[in-house]
Structure formats: structure tokens, C-alpha cells
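Residues per chain are reported as follows:
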Amino acid sequence: MTGQAMSIGELARQTNSNVETIRYYERIGLLAKPARTAGNYRSYGPEHLRRLSFVRRSRDLGFSLDQVRALLDLADQRDRSCEAVDAIAKEHLAEVDSKIADLLALRRELNSMITQCGCGSVADCRIIEALSPRFSPAITEERGIR
């Protein structure tokens, strides 16, 4: 990490961020507004780089903006117990596990549709049939349609 002041473009490059994303994080308070140069350009320092890197890594791991804000608040309280940090991470892990379960169910459903496809004409396609609202499994079962 550099110890020198840097432009928004340099900060964006070093953190693999979009300039507009950096401005957005400033607007919502995740990133402190930087000092301005004599020419009124933003001038970012090492703390901006550290904080934005933290935000980027947290977002890459799927933490919500509210969770990132809470983690940043906790990170600023160095002497505090990390119980609250652990709770946020556990909550996020439960969300990830739920999404994985949903994706596995989606995979099973898609695999079932593909397996039933006889590769004939579109008129007889089981995938098209399964996607059609009037032939969805719940409706066909409810109506006794096979």
C-alpha cells in the first residue's frame, strides 16, 4: 500500500473498483470523504485504501452493505470482543447455506427437465412443457393432467 496521496483513479485501480462505486461508498458513509487538493480534486490516503480494500473483500464474499457497515464499525473498536463480528459472519454463512440449498434444488429441477427431454420436436419438448405456466408440475398435478 502506498503512503502517498492518490487520485480517485489510482484508488480505483489499486482496489479494482469503479470510480462511481467509490463515490457511492462516500455518499453512503462507508468511505470517509477525502481531502481536496488546491485544484479541488479528491486526494485519498492509505486509510482510504485500507478501508476500501476491506469493503471490496467483504462485498466479494457476499456480505450486504449493512453487514459491511456493521463490520467496519466493529473494526474501528479494536478493544471490543469479536463476538459481534462472529455473529455477523455466522448470519452470513447461514444465508450462503440457504442459497446453496436453493441452487441445488434448482439444479435438480433443471437436470430433471433435461433428462425428460426426448430431443424430438419443440412441440413435444418436455422442457418447454415444464416451463409453460399451464403445464407446470403443481398445476398439472392439481388439475390431474399427465
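Note that this is a predicted model, so its numbers are computed, not measured.

## Focus on the nonpolar core
Here comes step 1: Grouped together as the largest cluster of nonpolar side chains are 18 residues, with contacts concentrated most on Leu11 and Ile22.
Here comes step 2: Of all the elements in the fold, those that place two or more residues in this core are α1 (8-15), α2 (19-27), α3 (46-60) and α4 (65-75).
Here comes step 3: With 4 residues, α4 is the largest single contributor of residues to this core.
Here comes step 4: In contact with Ile22, other than residues within four places in its own chain, are Ile8, Leu11, Ala12, Ser17, Leu31, Tyr44 and Leu52.

## Topic: the packing of aromatic side chains
Here comes step 1: All told, the structure shown has 1 aromatic pair when counted by the stated rule.
Here comes step 2: Plain terms: the ring middles of Tyr24 and Tyr25 are 6.1 Å apart, the flat faces sit at 45° to each other, and that makes the pair tilted.
Here comes step 3: Judged by its relative accessible area of 35%, Tyr24 falls in the partly exposed class.
Here comes step 4: For Tyr25, a relative accessible area of 7% puts it in the buried group.

## Things to note about the packing of α3 against α4
Here comes step 1: Where α3 contacts α4, the two axes come as close as 10 Å, and the packing angle between them is 140°. Taken as axis vectors, α3 and α4 run oblique relative to one another. The interaxial crossing formed by α3 with α4 has right-handed handedness. Facing Arg51, Phe54, Val55, Ser58 and Arg59 of α3, the residues of α4 in contact are Leu65, Val68, Leu71 and Leu72.

Rules used throughout
Residues numbered from 1 in each chain as written. Predicted model: local features only at pLDDT ≥ 70, side-chain atom pairs only at ≥ 80, totals over all residues. Heavy atoms only, no water. Core = buried A, V, L, I, M, F, W, Y, C linked by side-chain atoms within 4.5 Å. Buried < 20%, exposed > 50% of the residue type's maximum accessible area, 1.4 Å probe, protein only. Helix = DSSP H or I, 4+ residues; strand = E, 2+ residues; numbered from the N terminus. Contact = heavy atoms within 4.5 Å. Phe/Tyr/Trp six-rings, centres within 6.5 Å; stacked < 30°, edge-to-face > 60°. Axes fitted to C-alpha atoms, helices over the stretch in contact; angles between N-to-C directions. Parallel < 35°, antiparallel > 145°, perpendicular 65-115°, else oblique. Left-handed = near helix turned anticlockwise from the far one by under 90°.

Read these as layout, nothing more, since geometry by itself doesn't imply function.
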